[in-house]
Each structure stands twice: as C-alpha cells, then as structure tokens.
Amino acid sequence: MRFLLRLSLLVLLAAAYQGGGSARRRRAVWTQGPGDISPAPSQTKAPFWVRISPTFKAVPPGSSVWLNCSSSCPRPENFSLHTGLQRGQTRNGSNWVSFQLLDVRAWTSNVPCFVTCAGLTRRAMARINAYKQPHSVILEPPVLRGSEYTLRCHVTHVFPVGFLVVTLLRGGRVIYFESLKRFTGQDLANVTLTHAFQARPHDLWQPVTCHARLNLDGLVVRSSSAPMTLTVFVWSPASKAVAFTSIATLVGILLIVGAAYLRKYLLMQSRP
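Residues numbered from 1 in each chain as written. Predicted model: local features only at pLDDT ≥ 70, side-chain atom pairs only at ≥ 80, totals over all residues. Heavy atoms only, no water.

**Looking at the nonpolar core**
Put simply, the rule is: Only buried Ala, Val, Leu, Ile, Met, Phe, Trp, Tyr and Cys residues count toward a nonpolar core, and they belong to the same one when joined by side-chain atoms within 4.5 Å. The buried label applies to any residue whose accessible area, calculated with a 1.4 Å probe on protein chains only, is under 20% of its type's maximum; exposed applies above 50%, and partly exposed to all values in between. Working rule for contacts: check all heavy atoms of both residues, and any pair within 4.5 Å makes them a contact.
Of all hydrophobic cores here, the largest spans 49 residues; its most connected members are Leu67, Ile128, Cys153, Val155, Leu164 and Leu168. With sequence-adjacent residues up to four places away left out, Cys153 is seen in contact with Val137, Ile138, Leu139, Val166, Leu168, Val191, Thr192, Leu193 and Cys210.

**A look at the packing of aromatic side chains**
Centre distance and the angle of the planes are the two values used to describe a pair of aromatic rings. Selection rule: Only rings of Phe, Tyr and Trp enter the pairing, Trp through its six-membered ring, and a pair is recorded when the two centres are within 6.5 Å. The plane angle decides the type: under 30 degrees is stacked, over 60 is edge-to-face, the rest tilted. Here a helix means four or more residues in a row that DSSP labels H or I, a strand means two or more in a row labelled E, and each is numbered from the N terminus. Only Lys NZ and Arg CZ are tested; either one counts as a charge over a ring when it is within 6 Å of the ring centre and within 35 degrees of the ring normal.
For the structure on display, the rule yields two aromatic pairs. Considering the side-chain rings of Trp107 and Phe163, the 4.5 Å spacing of their centres and the 50° angle between planes classify their relative orientation as tilted. With a gap of 56 residues between them, Trp107 in the loop between strand E6 (96-104) and strand E7 (108-117) and Phe163 in the loop between strand E11 (148-158) and strand E12 (164-170) connect regions that are remote in the sequence. The exposure class of Trp107 is buried, given its relative accessible area of 16%. When its relative accessible area of 27% is taken as the criterion, Phe163 is described as partly exposed. Over the ring of Trp49 we find Arg51, and its NZ or CZ is 4.0 Å from the ring centre.

**Some words on the pairing of E11**
What counts, and what does not: Any two strands with at least two DSSP bridges between them are considered paired.
Both strand E9 (residues 136-139) and E11 contribute to a ladder of four bridges, which runs antiparallel. Note on E11: the bridge partner recorded for Ser136 is Thr156. In the sheet, strand E10 (residues 143-145) pairs with E11 via three bridges, with the strands oriented antiparallel. Looking across to E11, one finds that Arg145 is bridged to Glu148. Following E10, the chain reverses through two residues before pairing antiparallel with E11; Gly146 in that reversal takes a positive phi of roughly 65°. For E11 and strand E14 (residues 189-197), the ladder comprises eight bridges, and the chain directions are antiparallel. Across the sheet, His154 pairs through a bridge with Thr192, a residue of E14.

**Regarding the sheet that holds strand E5 (residues 86-92)**
Cut-off, in case you're wondering: Lines fitted to the C-alpha atoms define the axes, with helices restricted to the stretch that makes contact. Angles between their N-to-C directions range from 0 to 180 degrees.
Strand order in the open sheet made by the four strands is E1-E3-E6-E5, with antiparallel pairing throughout. Strand pairing shows two members of the sheet lacking a second neighbour, strand E1 (50-53) and E5, which therefore form its edges. Each strand axis lies, on average, 20° off the axis of its neighbour in the sheet, ignoring direction.

**Here we look at the sheet that holds strand E8 (residues 120-130)**
Reading across the sheet, the four strands line up as E2-E8-E7-E4 and stay open at both edges, with mixed pairing between neighbours. For this open sheet the edge positions go to strand E2 (56-59) and strand E4 (78-81), each flanked by a neighbour on one side alone. On average, each strand axis in the sheet is inclined to that of its neighbour by 20°, with strand direction left out of account.

**Examining the confidence of the model for the chain**
This is how the line gets drawn: pLDDT measures how confident the predictor is about each residue, on a scale from 0 to 100.
Here the chain averages 79 in pLDDT, while 77% of its residues score no lower than 70. Confidence, expressed as mean pLDDT per element, reaches its minimum in the chain at helix H1 (residues 2-36) with 40 and its maximum at E9 with 96. Every residue in residues 1-44 scores below 50 in pLDDT, and together they form one contact with partners more than four places removed in sequence or on other chains.

**Thoughts on the pairing of E8**
Remember that side chains alternate between the two faces of the sheet whenever the strand is regular. Here E2 runs beside E8; their pairing, made up of four bridges, is parallel. Looking at E8, one finds that Phe56 is bridged to Arg127. Looking at chain direction, E7 and E8 are connected through 10 bridges and run antiparallel. Paired with Val111 across the strands is Ala126, a residue of E8.

Quick look at the structure:
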C-alpha cells in the first residue's frame, strides 16, 4: 500500500510538473511573440524638392531669359515649364533642365516649373519683370503765352508706360501730376506732358522740375529733370488793373502835392 501510494504521488507530481512547464512555455511564446514579429517596411515615397533659378529676373523689354529647373529626385520622370512666353532652346542634365524664353515683353510673368518623381508632382515659381527706366527726362524752358506759363516735359524710352506717373514740382510742391494707366502698349515709348499755369509773385525765381516714376508692384524707379527757373513775372489782368489804379492814384497824389507846393512858392514870390 505504501508503495502504491508513493507511486501515485510520483505520477501526480510528474503530471503537474509537465502541465506547469507547458503553461510556462505557452506564456513565454505569447509574451515573446509580439517582440519577435517586426513590422513590414513602409512603402511611402521619399520627399524631394524642386528649385528654379533665378526666382526673379528684371530685363529690358524684348530680352531673352534662361530659367534652370532642378530637382533632388534621382530619376525624375518629367520636367515641364508652363508659360505663354515664346520658347527657345532647351538644355538638360540628369536632374535639371534649362529653358530659354524669348522676346519677353509682358511687364510681369509668373513662370512655374513642374517636376514629376515617382508619380508625385511638385513645382517651383519664377517671376520675370520687363521694364525700362527712362533714358532721359527733359523739361523745356517755361514759355510765356499771354498771362500763363506753359511747361513741357519729355520722358523718353520708358516701359511700361501704363505704370508711369509724371509729376511737375515748383519749389518742391506739386503743381500737376498725371498717371498714364490708360496706355497698354508693349513697346518702349516717349511721353510728353504739357501743363499751363498762372504764375504768382511768390513763384518768381522758384525752381521747376519734372519727375518720372514707375510703380512696379513694390519696385519704384525714379528719374528727374534738371531744374528750370521762372525769371519773368507776368501780370494777370486783375493784377494789371490793381497796379494801374495804384499808379494812377499815386500820380494824382503827387500832382496835387506838387501843385500845392508850386502855389505856395508863387505866393511867397509875389509878396514884396
């Protein structure tokens, strides 16, 4: 009986040991399993940049411009330039393309470059401005016509005329200005501004100048003429009337005073 009892106890202990080991093994597999399984590599596309150079260019109207479009994409699928400007030659390398644009006459043009890499398209933007500072600003000597002065200012070889403002200054103060927004031509132009004004006594010897200003969306280009001086004063009809009346009054007073002194003198001479 004791032998059987001991044998039963041994069998029970062995079964319990095997069951516990299986549980421990199962727990070890469960806890270690997630750590052993690594996630699959990501299939997201690598980022890339697109650049265009120069990003801003100011040229005289009718000029040609080269724009270089480049990318960090190792195997770009396509380079494209979207613009209404006339195209010229094209040069390219492994990850860049240079585009030539001809006869640029629009005063401002936004030119985007597009690059496609692994099905993804990105862009960079360049801006081209075409403008010409006035070759000269000339103010003619003031011309006297009747009782008015006429000023004539010439602004030569300027573009774009539609963004030009011409101003006349007398002694540092604006006497007249004109904006030429109504002009939309795409070529160099000459502009003449004529203005007549009535001179006043305090205008005598004051310098008169002509100023041309191009306002190009933040870019301001200024030019000015040599000063002219008003050296002759012109009497207006009203001023003439006042002056003549004053002179006549003064002459009358002098005649009266002179006559009084003459009479007094003659009376003194007639006394014995």
